[in-house]
Amino acid sequence: MLSPTPLSLFCALLLCLPLAVIITITSPSTTTTATVPDGSRHNPVPDFVPAAKTHQRFSFKPPPPPPLEDDKYLLRVASRVNSKPPPGSPKKIAFLFLTISPLPFAPLWELYFNKTPKTLYNIYVHADPTYTYDPPFSGVFANRVIPSKPALRFTPTLTSAARRLLAHALLHDRSNYIFALLSASCIPIHSFNFSYETLTRSKKSFIEILNNEVGSYDRWAARGPEAMLPEVKLDDFRIGSQFWSLTRKHARIVVGDEMIWAKFNQPCVVWDTCYPEENYFPTLVHMRDPRGVVPATLTHVDWNGSSDGHPRMYEASEVGPQLIERLRKEKPRYGDDGTNGSDWSVRQRHDPFLFARKFSTHSIQPLLSIASDVIFKD
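No experiment lies behind these values; they were computed from the predicted model shown.

Examining the sheet that holds strand S10 (residues 299-300)
Link 1 in the chain: The strand order across the open sheet built from three strands is S6-S11-S10, with neighbouring strands paired in mixed fashion. Each end of this open sheet is capped by a strand with a single partner; those strands are strand S6 (187-188) and S10.
Link 2 in the chain: Pairing analysis gives two bridges linking S10 to strand S11 (residues 355-356), with the strands arranged parallel. Residue pairing in the sheet places His300 in a bridge with Ala356 of S11.

Structural notes on the nonpolar core
Link 1 in the chain: One finds Phe95, Trp109, Phe141, Ile187 and Phe359 to be the most contacted residues of the largest nonpolar core, which totals 51 residues.
Link 2 in the chain: Looking at which element gives the most residues to this core, the answer is helix H3 (residues 106-113), with five residues.
Link 3 in the chain: Setting aside residues up to four positions removed in sequence, Trp109 forms contacts with Phe97, Phe141, Leu182, Cys186, Ile187, Pro188 and Phe355.

Things to note about the state of the cysteines
Link 1 in the chain: Enumeration over the complete set of coordinates arrives at one disulfide.
Link 2 in the chain: Linked covalently through their sulfurs, Cys268 and Cys274 form a disulfide whose S-S length is 2.1 Å. A torsion of 65 degrees about the S-S bond marks the disulfide between Cys268 and Cys274 as right-handed.

Some words on the packing of helix H4 (residues 157-172) against helix H7 (residues 248-256)
Link 1 in the chain: Remark: H4 packs on H7, axes separated minimally by 9 Å, with the N-to-C direction vectors making an angle of 120 degrees. In terms of orientation, H4 and H7 fall into the oblique class. Crossing geometry of H4 relative to H7 is assigned as left-handed. The residues of H7 that touch H4, namely those facing Arg163, Leu166, Ala167 and Leu170, are Arg248, Ala251, Arg252, Val254 and Val255.
Link 2 in the chain: Split into classes, the residues belonging to the contact of H4 with H7 amount to six nonpolar, no polar and three charged.

Considering H3
Link 1 in the chain: By the burial criterion, the buried members of H3 are Ala106, Leu108, Trp109, Tyr112 and Phe113. The buried side chains of H3 occupy one side of the element, clustering within an arc of 155 degrees when seen end-on.
Link 2 in the chain: Positive backbone phi, at 65 degrees, marks Lys115, one or two positions downstream of H3.

Here's the deal with the packing of aromatic side chains
Link 1 in the chain: Counted according to the given criterion, the structure contains 25 aromatic pairs.
Link 2 in the chain: Considering the side-chain rings of Tyr121 and Phe192, the 5.8 Å spacing of their centres and the 65 degrees angle between planes classify their relative orientation as edge-to-face. Of this pair, Tyr121 sits in strand S4 (residues 121-127) while Phe192 sits in helix H5 (residues 192-201); the two residues are 71 residues apart in sequence, bridging distant segments of the chain.
Link 3 in the chain: Each member of the aromatic cluster is reached from another via a ring pair, and the members are Phe95, Phe97, Trp109, Tyr112, Phe113, Tyr121, Phe141, Phe192, Tyr196, Phe355 and Phe376.
Link 4 in the chain: When the ring centre of Tyr177 is taken as origin, the NZ or CZ atom of Lys91, which lies over that ring, is 4.2 Å away.

Conventions and cut-offs
- Residues numbered from 1 in each chain as written.
- Predicted model: local features only at pLDDT ≥ 70, side-chain atom pairs only at ≥ 80, totals over all residues.
- Heavy atoms only, no water.
- Pairing = 2+ DSSP bridges.
- Helix = DSSP H or I, 4+ residues; strand = E, 2+ residues; numbered from the N terminus.
- Core = buried A, V, L, I, M, F, W, Y, C linked by side-chain atoms within 4.5 Å.
- Buried < 20%, exposed > 50% of the residue type's maximum accessible area, 1.4 Å probe, protein only.
- Contact = heavy atoms within 4.5 Å.
- Disulfide = S-S within 2.5 Å.
- Axes fitted to C-alpha atoms, helices over the stretch in contact; angles between N-to-C directions.
- Parallel < 35°, antiparallel > 145°, perpendicular 65-115°, else oblique.
- Left-handed = near helix turned anticlockwise from the far one by under 90°.
- Nonpolar A, V, L, I, M, F, W, Y, C, P; charged D, E, K, R; others polar.
- Arc of directions from axis to C-beta.
- Phe/Tyr/Trp six-rings, centres within 6.5 Å; stacked < 30°, edge-to-face > 60°.
- Lys NZ or Arg CZ within 6 Å of the ring centre and 35° of its normal.

Functional significance is not addressed by these values, which are geometric in nature.
Here it is, written out as structure tokens:
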């Protein structure tokens, strides 16, 4: 028997090399999971995005996606969520509280949500981080603060905060059917059950959309006489309450919008006519889906005797059963529904106000004293 020579061994090694390469290439790849950091211990819904699997064939790991505090990334992801609630699950109302102070009416809201199944609602709070919240949020508001940024009047930041609330609510729970924006000075004037039936029965958003209002041009030109052009013409510009209840469809439209937002996100050169939170939402919805709304807000406000751009504030001495009954009976102002006034059913509507503002912080005790027998008795 011949012994293998060094040359024959070398040739055999060359013949086996391709086979070894094939086995190496076709072996299963390992995977790594990239998670999105929430960046805040107050974030009630830290895992918005399913973990992304990436095939790792190199020694380095791919960079993680941007944090959800990056608004552009957050809004883009939120705009891609499923447009419909999951079949078979109850519809939920997403209550979006936008505040720059503690919530003075938290005890009243606690009673409002008391004994209500948590399968019917979610709460989200945008709290300006530059303010001190003492005492901190507790009860139904505990751990409901989303990653927040400063929000100031006469700037786009209040609108940014509302968009941020919508995005987090869309990503958090697919069962959120309608999204109601509220402020720290808002109170409920009906029971939860009454509000729930009113909002979840509707297939349309409730958002005030007013056309040809006094001062429309000044608001439109607040960023400069041609700053809104060509995307937002004066004829498309609308005014309305900053407090609305948007369907899931319209919430996705808002967070997915970049073109119209780019116009409203510019700084104003005339600050005293700069109210983007009252212009952006009605303008956008009017331009995208005017027939998909009831053009009215369900949050009552009294502009008689307004001061410095703020509506009338109800003092503790005014709070009583008569005030609540009066607010309930008043009819919302219906604006532009996209039909040029041809849809008479809109003018014949009398949707109920569900919330009201503004109330003095000192009115909490009078409100609590009539909560069970008046406010939550429909």
